[in-house]
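# Topology and contacts: notes
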Amino acid sequence: MALVNINQLKVRQGAFELSIPELRIEAGQILGVMGKSGAGKTTFLHALMGFLPILSGEIEVKGQSVGNLSTEKRGIALMFQKPWLFEHQTVIENVGFGLAIQGISKEARLTQARDWLKKMQIADLEDRKAWEVSGGQAQRVALARAMAVGFPLLLLDEPFSAVEAPLRKDLRKLVRDLIQESQKAAIVVSHDWRDLEELAAHILVLDRGEIIANETPQNLKTHPDLQIRSICES
Amino acid sequence: MNWILTLPILVFMVSFFVLPIGNLFFLTSSGVAENIFQDPYFNHVLRFTYLQAAYSAFLSVGFGFVAAFLIKEWRILGGNLLWRLGLLFSSLPSIVVALGLLGSWGPSIGFGWTGILIGHLFLNFGIPMRLIGVALQDRNRTPELLANSLGMNKRRVFFEITLPQLKSSLMASWILSFLYSSTSLFIVMFLGGGPRFTTLEVLLYEAVKLNLNTPKAIQIASLQALIGGLLFLCYYRMQKRRVQEGQQPRVNLFLSEKRWVRVSVSLVFWVITISMLGIPLIFILKDAAWDWSSNFTSSLLQATVSSLKIGFCVVVLGNCILYPFLHYIYREKGNLLRSGSVWLVILPQFFSGAVVAFALSVFYPSLRGNDEWGILGVVLTQTLFAVPLMYFALNEGFERMAQERFWIAQSLGANRWQRFFHVELPSMRRPLLLSMLIGFGFSLGEVVSLLLFAPAHLQTLSLTLFQAMSRYRFQEAHAATGVLLVMIIVLFLIMGSVEEKDGSGQY
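Since this is a predicted model, take the numbers as computed values, not measurements. Note that residues are indexed from 1 along each chain, following the sequence as it is written. Chains and ligands are labelled sequentially in the order written, the chains with letters from A and the ligands with numbers from 1. For a predicted model such as this one, the threshold for reporting local features is a pLDDT of at least 70, and the threshold for listing and counting side-chain atom pairs is 80 or more; totals across whole chains, interfaces and linings nevertheless cover every residue. Each side-chain value is derived from all of the structure's non-hydrogen atoms; neither hydrogens nor water enter the calculation.

## Some points on the overall build of chain A
Quick reminder of the rule: Strands here are runs of E lasting at least two residues and helices are runs of H or I lasting at least four, both read from the DSSP assignment and numbered beginning at the N terminus. The quantity called the radius of gyration is restricted to C-alpha atoms. Its globule counterpart is 2.2 Å times the number of residues to the power 0.38. Buried means the residue's accessible area, taken with a 1.4 Å probe over protein chains only, is under 20% of the maximum for its type, while exposed means over 50%, and partly exposed covers the values in between. Whether two residues are in contact is decided by their heavy atoms, any of which lying within 4.5 Å being enough. Only the protein chains shown count as cover for residues, and all accessible areas are computed by the Shrake-Rupley method using a 1.4 Å probe.
A count of helical and extended segments in chain A gives 9 helices and 10 strands. Its C-alpha atoms give chain A a radius of gyration of 18 Å, near enough to 17 Å, the size a compact globule of 234 residues would have. The C-alpha extent of chain A, read off along each of the three principal axes, is 50 × 40 × 35 Å. The proportion of buried residues among the 234 residues of chain A is 55%. Once local pairs closer than 6 in sequence are excluded, the contacts in chain A between residues at least 24 apart make up 67%. Per element, the accessible surface of chain A, about 10100 Å² overall, is 47% carbon and sulfur.

As structure tokens, then:
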């Protein structure tokens, strides 16, 4: 059974309507989402997170229907283009934020957070204040924070667009390895074809609230529809 | 049910501001008030009040404009210091400024017009300087550069393109300076020098405190309140326009290329600033040190403790009513209520302290001079005036708080309360501290509410200062001023360091 199942999802935001008939994401897999501005990418993420109410349909994560749950109970971690670290906290406190919310003891929390910092290769930053780290480091802290909470699904909204090219490549590899290793699922929204080509098993192409393609990156590159190819190439 | 969070401030404002002020208008229209418009002396005072306020406002805006221009465009030496000092001057209690000007210039200041204008300039120039400075900084410079490249000379660029962009900030700052000058009490009382130079505020004080003529006081207070309300409406319109002004490139067309010109202008400006504004400040501290006597120590210590206690109550009450309201409009209702609700919070600033305190004492007579309730009257009046000031600090904190950080916390499983305690409150620590310091600073120097409500046994620093000045006990006045000034400067320095440390928003 797939880790994430979406069936007949409909979301309305003003005059705009998003429709996702069917979507499955397996454990360890990353789904990419592309589309021009106004295609419905953000609406899709916001509906998954519960920031927007769904009109109809079903969202299942790990066999549990989450469509009617409040955001904090959905078990979906979120990461944005900007890391949005909690600036009053240290790096390790940021990583352990979700664990603290779950009521995990301080010692266990610190141990787990340290493990994640090691995986992100930023173990030496643990005592630094959030605002004392560089942009690339902050993005790693944000990723560690989203992974450490242990939720089955991770949503990444343009996660690398604020990071410089060399760091970007490292981060892509890190995300891919971590998702595979932890057997979680992830949805990555990006404008950058290289991000999705390297990360995603499948890429969903949205246009005016509809899915116009759901293919592997290789298939999309050679897709017969010029419009779809142009979206990927842009 | 979250709208309950707006109740504390609504109840507070309605009970202690809207109803008492409304009651004044009701009493005036129902014939309780004395018809004073037939009194020629009153008409003279009325004319003088607004004439001196208009001149004071022109002077403050003129000086503030030059200062803002030199700081933001010419980047004169010590410009940043002057930018900060403007705020310090504006936050000094007017009674301290009156004493400082008397101490430094003595009778040569010239009582009457000169004293009043210099006093108001001292107190008010910081407001136009900062308002115009921000507008200068944020204006759209592209049309200026385009016009200059097409052959328009700098003088024409300034008058035809730059100045129109500053119009709303110039008008807004004139309105504020006019308002503060028309409602200032102690500058006129101590530097006016007689009945020819009396204003409505002094007349109101005399009617309430000395002549005990309540019908006359009601008439004066209603008139003051009406004009305050009208000025508020004008200011609100100006502010709305100012926010829409653009911002763009950073090329400076008006900066003089000759270094000697910049240095000379800086020096001239600093000489004027130091002699007009700096010397009085130094004299206050000098007199305080020289006139200090051990006789004052215990009474001033007691007055300081009372001031601190009242300030603490004002800050706690202010935050208790203001914070839930701002939390509601920013965190629960998004932008929906923001623009419309600001007026409610900042409205009291447009009414004079004497008018509000008097209105409160008429509506709640048991607050006045009562040993048990008098302190409550003081705290309520001071809170009404501290809240608009505290609002700006808290509002800025809420403005800076990114919604995304709350979404992240929510996605990590944090519920409403956890988001409040783990995300919102820690981010609001500095704005909260800043708002407390501002409220505290205001409370320290406030006198009017104490004159109306304070029980006989209560002595605060500002009240001690007023009583000493009224009885010509200048040694004691200098000592009280010294303590008051040192406390305000310390608060100001802490505020500066709190603002400087605030480097949030990076990630």
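## Focus: the pairing of strand 9 (residues 202–207) of chain A
Residue and element names in this part refer to chain A. Short version of the rule: At least two bridges found by DSSP between two strands are what make those strands a pair.
Taken across its 6 residues, strand 9 has 5 buried, putting it largely inside the fold. As paired elements, strand 3 (residues 30–35) and strand 9 share 5 bridges and run parallel to each other. Residue pairing in the sheet places Leu31 in a bridge with His202 of strand 9. Where strand 9 and strand 10 (residues 210–215) come together, 5 bridges link them in antiparallel fashion. Bridge pairing links Asp207 to Glu210 in strand 10. Connecting strand 9 to the antiparallel partner strand 10 that follows it, the hairpin turn spans 2 residues, and Arg208 within it adopts a positive phi of roughly 50°.

## Some words on helix 3 (residues 79–91) of chain B
Keep this limit in mind: In this scheme, a helix's expected span is set at 1.5 Å multiplied by one less than its residue total.
Between its first and last C-alpha, helix 3 of chain B extends 19 Å over 13 residues, near the 18 Å set by a 1.5 Å rise per residue. Among the residues of helix 3 of chain B, those classed as buried are Gly79, Leu82, Trp83, Gly86, Leu88 and Phe89 of chain B.

## Regarding the state of the cysteines
All names here are of chain B. Worth spelling out the cut-off: Disulfides are defined as cysteine sulfur pairs within 2.5 Å.
Here the structure, examined in full by the defined rule, presents 0 disulfides over all chains. In this model Cys320 remains outside any disulfide bridge; the closest cysteine sulfur is found in Cys313, 11 Å from its own. Its relative accessible area of 46% is what places Cys320 among the partly exposed residues.

## A closer look at the interface of chain B and chain A
For the record, the criterion: Joining two parts hides part of their accessible area as seen by a 1.4 Å probe, and the buried area is that hidden amount summed over both. The salt bridge criterion pairs a side-chain nitrogen of Lys or Arg with a carboxyl oxygen of Asp or Glu, the two atoms within 4 Å. Residues are grouped as follows: Ala, Val, Leu, Ile, Met, Phe, Trp, Tyr, Cys and Pro are nonpolar; Asp, Glu, Lys and Arg are charged; all remaining types, including Gly, are polar.
Residue-level contacts link 23 residues of chain B with 30 residues of chain A. Carbon and sulfur atoms supply 66% of the area buried between chain B and chain A, which totals about 2300 Å² over both sides. Applying the counting rule to chain B against chain A returns 2 salt bridges. At the level of elements, helix 17 (403–411) and helix 18 (416–427) of chain B are the ones that each hand at least two residues to the side of chain B that touches chain A. Looking at the side of chain B that touches chain A residue by residue, the classes come out as 9 nonpolar, 9 polar and 5 charged.

## Concerning the domain arrangement of chain A
Residues and elements named next belong to chain A. The criterion, for reference: Where each domain starts and ends follows an automatic or database-derived domain assignment.
In terms of domains, chain A is made up of domain 1 (4–75 + 151–233) and domain 2 (85–150). Of note, the centres of domain 1 and domain 2, computed from C-alpha atoms alone, are 25 Å apart. At the interface, 17 residues of domain 1 touch 12 residues of domain 2. Of the roughly 1200 Å² buried where domain 1 meets domain 2, counting both sides, 73% is carbon and sulfur surface. One can count 1 salt bridge joining domain 1 with domain 2. The closest approach of N and O atoms between Lys119 and Glu181, which form a salt bridge, is 3.9 Å. Contributions of two or more residues to the side of domain 1 that touches domain 2 are made by strand 7 (153–157) and helix 6 (165–182). With 9 residues, the top contributor of residues to the side of domain 1 that touches domain 2 is helix 6. Grouping the constituent residues of the side of domain 1 that touches domain 2 by class yields 13 nonpolar, 1 polar and 3 charged.

## A few points about the packing of aromatic side chains
All names here are of chain B. To be explicit about the condition: Note on ring pairs: Phe, Tyr and Trp rings are taken, using the six-membered ring of Trp, and paired if centres are within 6.5 Å. Classes follow the plane angle, with under 30 degrees stacked, over 60 edge-to-face and the rest tilted.
Counted by the stated rule, this structure contains 34 aromatic pairs over all chains. Ring centres 5.2 Å apart and planes at 80° place the aromatic pair Phe17 and Phe351 in the edge-to-face group. Pair noted here: Phe17 is in helix 1 (residues 7–29) and Phe351 is in the loop between helix 14 (338–346) and helix 15 (353–363), with a separation of 334 residues, a long-range link. Owing to a relative accessible area of 4%, Phe17 belongs among the buried residues under this scheme. A residue is classified by how much of its surface remains accessible, and Phe351, at 8% relative accessible area, is buried.

## Regarding the pattern of salt bridges
On inspection of all chains with the given rule, the structure shows 20 salt bridges over all chains. Note that Glu87 of chain A and Arg405 of chain B form a salt bridge whose closest N and O atoms lie 3.9 Å from each other. Here the residue Glu87 of chain A occupies a position in the loop between strand 6 (76–79) and helix 2 (91–95), and Arg405 of chain B occupies one in helix 17, the pair thus bridging two chains. Take Glu87 of chain A and Arg405 of chain B: they sit in the same class, and that class is buried. Each member of the salt-bridge network shares a partner with another, and the members are Arg168, Arg172, Asp192, Arg194, Asp195 and Glu198 of chain A.

## Focus on empty space enclosed by the protein
Residues and elements named next belong to chain B. Convention followed: A cavity here means a set of points on a 1 Å grid, drawn over the protein atoms and nothing else, where a 1.4 Å probe fits but cannot get out; a pocket is an open set with protein on both sides within 12 Å along at least five of seven lines, and a residue lines either one if it has an atom within 4 Å of a point. Grid points are joined across faces, edges and corners, and a volume is the space filled by probe spheres set on the points.
Overall, the coordinates contain 3 cavities of 30 Å³ or more when judged by the stated rule. Here the largest cavity defines a volume of roughly 60 Å³. If you go around the largest cavity, you meet 13 residues; those closest to its centre are Leu179, Thr183, Gln224, Gly228 and Phe350. Counting only elements with at least two residues in the lining of the largest cavity, the list comes to helix 8 (154–182) and helix 11 (214–243). Residues of the lining of the largest cavity, tallied by class, amount to 8 nonpolar, 5 polar and no charged. Taken as a whole, the second largest cavity spans an internal volume of roughly 40 Å³.

## Some details on the packing of helix 10 (residues 200–210) of chain B against helix 15 of chain B
Two numbers describe a pair of packed helices, the interaxial angle and the distance between the axes. Residues and elements named next belong to chain B. Here is the rule we go by: Here the axes come from fitting lines to C-alpha atoms, over the contacting stretch only for helices, and the angles between their N-to-C directions go from 0 to 180 degrees. In this scheme, roughly parallel covers angles under 35 degrees and roughly antiparallel covers those over 145, while 65 to 115 is roughly perpendicular and the rest are oblique. In this scheme the handedness of a crossing depends on how the near helix is turned from the far one: anticlockwise by less than a right angle means left-handed, clockwise means right-handed.
Helix 15 packs onto helix 10 with a crossing angle of 30° between their chain directions and a minimal axis gap of 9 Å. It follows that helix 10 is roughly parallel to helix 15 by the angle criterion. Crossing of helix 10 over helix 15 shows left-handed handedness. When helix 10 is examined against helix 15, the residues Glu201, Leu204 and Val208 are found in contact with a partner set consisting of Gly353, Ala354, Val355 and Phe358.

## A few points about the sheet that holds strand 8 (residues 185–189) of chain A
Residue and element names in this part refer to chain A. Here we have 6 strands laid out as an open sheet, ordered 6-7-8-3-9-10, and mixed in their pairing. Looking at strand neighbours, the two that pair on one side only are strand 6 and strand 10, the edges of this open sheet. Within this sheet the neighbouring strands show an average axis-to-axis angle of 20°, counted without direction. Here helix 9 (residues 226–233) sits on the sheet in contact with strand 3, strand 9 and strand 10, set at roughly 75° to strand 10.

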